[in-house]
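# Secondary and tertiary structure notes
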Amino acid sequence: MNDKEIAAFFCNIMAEDKQVSAGIAAICTLLKCLEHDKSETIQELVTKLKGAVKVMESTDCPITAVVSGSELFLRFITLATLDYSTFADCKKIMLHRGEVFLNKLKEARGKVAKLGSSFIVDGSKVLTHSKSRVALETFKVASKAGKRFQVYVTSSLPDSSGEDMAEELRKLSIPCTVILDSAIGYVMEQIDIVMIGAEGVVESGGVINKVGSYTMALCAREMKKPFYVLTESFKFSRLYPLNQRDLPDNFKYKSSALKKDLSKEHPLVDYTPPSYISLLFTDLGILTPSAVSDELIKLYL
């Protein structure tokens, strides 16, 4: 597959299935590249796969999960190179391991939702931010369990993704209210818990998510409300930002915006430090922020 075909395949997955995250779409694309690749050596193959990741990073899709998911995928499948003498055998096993890895990730959202839903009780008022697929699944599981609760969701400018989230919640007959991003402080005193998704989880246990998440965490801390993050483990990333400026520009802005004056561009994501996060609900279990680095080490072993 050439660069144009890789970008088209990746973007088509994102456009056709709104329930697929960018990380899963990236791994599906890498599997397709692996299947059609004509390389003759492991080194050439890995170089081409890394090139495919760069192509996906150059699209205007959110790339935080693309980077972390692709790194884990490449690490997982290339372990096969140590066990087989011929390239053909090795590639066959890499494809098998890749499919196993992808199927495991597809089950992750359900595991997170099951854990997170147990923290929603009857009468709860839950605040969430933007549109998160894993948060939506968590609310769906809680609702199916017969729990009665209300969700407040930010409109989440500039793309108003919170409106889409509210529409999905209404389809599930879950009472919801869309609030202005600037009204987070106003409604926080009524809230019992905050539950948000994440585009990435860094080594410190902090999270990268839609811009406004940090503001929400600050308000939650000030009003002593638990701040929970719902995320799959493939979003764990080997980054260690200390502040907003430490986030890479390609994480914060669309690829097309990187060619412009960034001082006039709005960031798409922000960084919430681990000190503001109560717990992370993951397919690896319920973690404290300090436990994330240990899990990252295990993932890359």
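Everything below is about the structure printed above this text.
The model shown is predicted, which means the values in this text are computed figures rather than measured ones.

## What to know about the pairing of strand β3 (residues 176-179)
One ladder, built from four bridges, connects strand β2 (residues 149-154) with β3; its direction is parallel. Looking at the pairing, Thr154 lines up with Ile179 of β3. The β-α-β motif built from β2, the intervening helix α7 (residues 161-171) and the parallel element β3 has right-handed crossover chirality.

## Observations concerning the pattern of salt bridges
Throughout the structure, instances matching the rule amount to eleven salt bridges. Ionic pairing is found between Glu232 and Arg109, a salt bridge with its closest N-O pair at 3.7 Å. Of the two residues, Glu232 is situated in the loop between β7 (227-230) and α10 (249-252) and Arg109 in helix α5 (residues 87-117); the sequence distance between them amounts to 123 residues. For Glu168, the salt bridge identified is with Lys171, shortest N-O distance 3.9 Å. Residue Glu168 and its partner Lys171 are located together in helix α7, separated by three residues, close to a single helical turn. Accessibility expressed as a relative area gives 22% for Glu168, which makes it partly exposed. Assessed through its relative accessible area of 58%, Lys171 is described here as exposed.

Procedures and definitions
- Residues numbered from 1 in each chain as written.
- Predicted model: local features only at pLDDT ≥ 70, side-chain atom pairs only at ≥ 80, totals over all residues.
- Heavy atoms only, no water.
- Pairing = 2+ DSSP bridges.
- Helix = DSSP H or I, 4+ residues; strand = E, 2+ residues; numbered from the N terminus.
- Right-handed = clockwise from strand over helix to strand, strands pointing away.
- Salt bridge = Lys/Arg side-chain N within 4 Å of Asp/Glu carboxyl O.
- Buried < 20%, exposed > 50% of the residue type's maximum accessible area, 1.4 Å probe, protein only.

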